[in-house]
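Okay, here's what each chain looks like letter by letter:
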Protein chains: 2
Amino acid sequence: MNKPLTSGSRLWSTLMEMATIGAIPENGSCRLSLTDEDRQARDLFARWCREAGCTLRVDRYGNMFAVRPGSKAGAPAVLVGSHLDTQPHGGRFDGVLGVLAGLEILRALNDAGVETEHPVAVVNWTNEEGVRFKPGLTGSKGFVGLLDEATVEGEGGADYFSELSRIGYAGHPMTDFEVLAYYELHIEQGPVLEAAKAPVGIVEGIQGVRWLEVELRGHDAHVGTTPMDNRSDSFMAAAALASRLRERAISLDKHIRFTVGRIEVSPNSQNTVPGLTTLHIDLRHGSTAVLDAFEKVMAETIPEVETQERVRVNARQTMRVEPVTFDETCRRHLLASARAFGLDPVSLPSGAMHDASSLATKVPAAMLFAQSRDGISHNPLEWSEPEHVASACEILAQAVLVHAGTKGRWGDESRDT
Amino acid sequence: MNKPLTSGSRLWSTLMEMATIGAIPENGSCRLSLTDEDRQARDLFARWCREAGCTLRVDRYGNMFAVRPGSKAGAPAVLVGSHLDTQPHGGRFDGVLGVLAGLEILRALNDAGVETEHPVAVVNWTNEEGVRFKPGLTGSKGFVGLLDEATVEGEGGADYFSELSRIGYAGHPMTDFEVLAYYELHIEQGPVLEAAKAPVGIVEGIQGVRWLEVELRGHDAHVGTTPMDNRSDSFMAAAALASRLRERAISLDKHIRFTVGRIEVSPNSQNTVPGLTTLHIDLRHGSTAVLDAFEKVMAETIPEVETQERVRVNARQTMRVEPVTFDETCRRHLLASARAFGLDPVSLPSGAMHDASSLATKVPAAMLFAQSRDGISHNPLEWSEPEHVASACEILAQAVLVHAGTKGRWGDESRDT
């Protein structure tokens, strides 16, 4: 293992300083997109980037790019980043880590006097969280041309572009900026790496999502007067259907994520057999074929439950997001870098959406996850250990360096050992 | 079969005339207790009773008693009745049938010149439905000394006793009125008699009720990032528990009534694994032993689900009403009367509460059910066929007559044939 390029302690201090902006109790942060807190965070990030000698550019969507030039004239950039906005009760890591790890890489390249062939750029995407403006991932979708601007809606009537101007981050389309590859470091926000005692994981892709609404209709009836074999109990039917669907989903593929997170029962009165129950299913998997197979299994399961429970069931898809598979080359660079660092990283899918899913539609992209404590996220209690943060940043830096091509002192030293 | 004592057509006209008071769309009635509509219904009933030559008495709770004297000095009365108040979207039969069938019996006894040994009295109990004042069965509970007056609460702060005075039906405790037996005719409000093609059914008793609140605690988690085998999904645990409890309840006794009518899921968000689900169970059966056995089975089932689903479950009883078994002699009189009428009546429990459950705690009591269409009740669509209403009233009349003892012409004729 080489001497680390990046400084874990400097990155950690940078993270903790950023967390003071919009600080909330229990060590959390609240920086909703395009608020004054977001502006302060952007101003601080901009100052740091300028101090690192970078040109700072802002595009039409308020995305901020700090570019460190490469040696090859007109070469596209290796882009690293994530987002500085947070959830209302957010933590110190979600998004922020990916941006500030990028900054740490720029600083480390400067310190080591490394010259890359391709520019290395760091990006802060606007409104990833989708809290103050819908849809989320606004900035990264806009950047890759996947945003229908007419659909952007602000909470309380806030206008995205007016708010960008207000905080001083309105920019112009960056038609002259080309991306060779995109790398995003993010906390896992799940329990897989912690359970595997793995500091980092290489993300295979982002799961596709289907939202399914299943309406079960029976008959309202008096709980005291209606015998068990004379009921059309929509809730008992829903319970049977949910249990059976979960079992069959897992037997399709144990990596599937099947959740009934929202349930509506009518009339929801303790002394009435409920005549109407609606299950809202969230289904996720990295493969469209598996998602399709589940929908087929669901269509076969419904008539069984209709017959057994004397109800009528109506199911429809209410949302569909296609899975993303990350670029082979980018993942290979991350894997090689992790191995060189002495780790045998876990490969895992991302169940959550990230800006990388926008980028992956246009350029080679990949993600690295850092271990999260207790899988907690979108919560002030969100936490990643300093040593895991440091390892993740170093592994990311090495992959970026390989992808960008090195000519300088540090790169030569690396080839010597 | 003797010539019928009662007139089905007269009873039907009386029912339909009463239904015009507080009439609502789709042939329903709305006469909430102690409202102006209730007063009008009481005034009409009082006039009919006086026209039938009866003394009308009102007790402290506004219960109205129309008494037809018997021949035996100071003998206790055979009491027949139910209630004239309705649900907000009530029908023409629930309660009303039992009161007006009693009136029809008084009229028929008059027409036939029958003298009974014991008085025959008809009662209209106050606030059976428990809509405008809690608890329900107020009048009958008060009459038998089971009402804690301090607990009576009126909707919008309405005062029970002030409202009684306002509508002119405040009375005094009836310490000098003794009851030999109580009979109540009511519509079934369930599907059993219709399914059995039985015009009437003899009610074995009123089921005991237990309300059980079962709280299942898991952990909120991200639906995308949390693998299936790493979840503590309170809703999936609740679905498994509900299915298993229903199955085990039915295998204890198929006459049990097990319902999960109310469900609360938190946070009830489609993309969060729900950390907290509460099931509100209504359990009914005629036997305390069966109800106890279910609670034991539930206590054994909970740890199974806790282990399998990685949740913690907390269950408690929030309501308990003991079962009522109706009087053997009264039921035998009803059975003999039905057989004399050419019917072999179904015996069934009542899943709903009735004023008879109050009376049964103090005097011999029984109930007769008339067939309901589609088991519908508490609904304008509530319906019982005129011929079933007529048969039920006649069967009730004959049972009352036997219980009250007859001396008159009609009684003699009956013995001759």
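Residues numbered from 1 in each chain as written. Chains lettered and ligands numbered in written order. Predicted model: local features only at pLDDT ≥ 70, side-chain atom pairs only at ≥ 80, totals over all residues. Heavy atoms only, no water.

Per an unreviewed UniProt entry, the recorded name for chain A is M20 family metallo-hydrolase, and the organism is Aquamicrobium soli.

## Here we look at the sheet that holds strand β16 (residues 312-321) of chain B
Paired through backbone hydrogen bonds, the strands of a sheet run either parallel or antiparallel to each other. Residues and elements named next belong to chain B. Judged by pairing direction, the sheet is antiparallel, and its four strands sit side by side in the order β13-β15-β11-β16 without closing on themselves. Sheet topology places β13 (257-266) and β16 at the edges, where each strand pairs with a single neighbour. Each strand of the sheet is rotated relative to its neighbour by a mean of 15 degrees, with strand direction disregarded. Note: strand β11 (residues 208-217) against strand β15 (residues 276-285), 10 bridges, orientation antiparallel. (Pairing = 2+ DSSP bridges. Helix = DSSP H or I, 4+ residues; strand = E, 2+ residues; numbered from the N terminus. Axes fitted to C-alpha atoms, helices over the stretch in contact; angles between N-to-C directions.)

## A few points about the packing of helix α2 (residues 36-51) of chain B against helix α3 (residues 96-112) of chain B
Residues and elements named next belong to chain B. Between α2 and α3, the shortest axis-to-axis distance is 10 Å and the interhelical angle comes to 15 degrees. By the angle class used here, α2 and α3 are roughly parallel. The handedness of the crossing between α2 and α3 is left-handed. Contact residues: α2 offers F45, W48 and C49, while α3 offers V99, L100, L103 and R107. Class assignment for the residues of the contact of α2 with α3 results in six nonpolar, no polar and one charged. (Parallel < 35°, antiparallel > 145°, perpendicular 65-115°, else oblique. Left-handed = near helix turned anticlockwise from the far one by under 90°. Contact = heavy atoms within 4.5 Å. Nonpolar A, V, L, I, M, F, W, Y, C, P; charged D, E, K, R; others polar.)

## So, the interface of chain B and chain A
Accessible area lost on assembly of the parts is the figure often given for the size of an interface. Each partner contributes residues to the interface: chain B has 50 residues there, and chain A has 50 residues. Where chain B abuts chain A, roughly 4,200 Å² becomes buried across the two surfaces, and 59% of that area is made up of carbon and sulfur atoms. Counting the surface chain B buries against chain A, the share from its top three residues, M228, M236 and Q270 of chain B, is 19%. Inspection of the region where chain B meets chain A yields two salt bridges. Across the pair E309 of chain B and R246 of chain A runs a salt bridge, and its minimum N-O distance is 2.6 Å. On inspection of chain B and its partner chain A, the count reaches 16 residue pairs in polar contact (both at pLDDT 80 or more). Its residues assigned to classes, the side of chain B that touches chain A shows 23 nonpolar, 18 polar and nine charged. (Buried area = accessible area lost by both parts, 1.4 Å probe. Salt bridge = Lys/Arg side-chain N within 4 Å of Asp/Glu carboxyl O. Polar contact = N/O pair within 3.5 Å; in protein donor to acceptor, adjacent residues only side chain to side chain.)

## As for the pairing of strand β3 (residues 55-58) of chain B
Looking at chain direction, β3 of chain B and strand β4 (residues 64-68) of chain B are connected through four bridges and run antiparallel. Looking at the pairing, R57 of chain B lines up with F65 of chain B of β4 of chain B.

## Remarks on the packing of aromatic side chains
Residue and element names in this part refer to chain B. Going through the model one piece at a time under the given rule, you end up with 26 aromatic pairs over all chains. Between W12 and F93, the ring centres sit 5.7 Å apart and the planes meet at 40 degrees, which makes this aromatic pair tilted. Here the residue W12 occupies a position in helix α1 (residues 8-18), and F93 occupies one in the loop between β5 (77-82) and α3, the gap between them amounting to 81 residues. A relative accessible area of 0% means that F93 is categorised as buried. (Phe/Tyr/Trp six-rings, centres within 6.5 Å; stacked < 30°, edge-to-face > 60°. Buried < 20%, exposed > 50% of the residue type's maximum accessible area, 1.4 Å probe, protein only.)

## Re α1 of chain B
For α1 of chain B, every residue scored as buried is listed here: L11, W12, T14, L15, M16 and M18 of chain B. Where the residues of α1 of chain B are buried, they touch α2, α3 and α11 (386-404) of chain B.

## Some remarks on the pattern of salt bridges
Residue and element names in this part refer to chain A. For the coordinates displayed, the defined rule picks out 44 salt bridges over all chains. The salt bridge partner of D111 is R10, with a shortest N-O separation of 2.8 Å. Of the two residues, D111 sits in helix α3 (residues 96-112) while R10 sits in helix α1 (residues 8-18), which places them 101 residues apart along the sequence. With a closest N to O distance of 2.9 Å, E295 and R210 form a salt bridge. With a gap of 85 residues between them, E295 in helix α8 (residues 288-309) and R210 in strand β11 (residues 208-217) connect regions that are remote in the sequence. Residues joined by salt bridges that share partners form a network here, namely D36, R132, E163 and R166.

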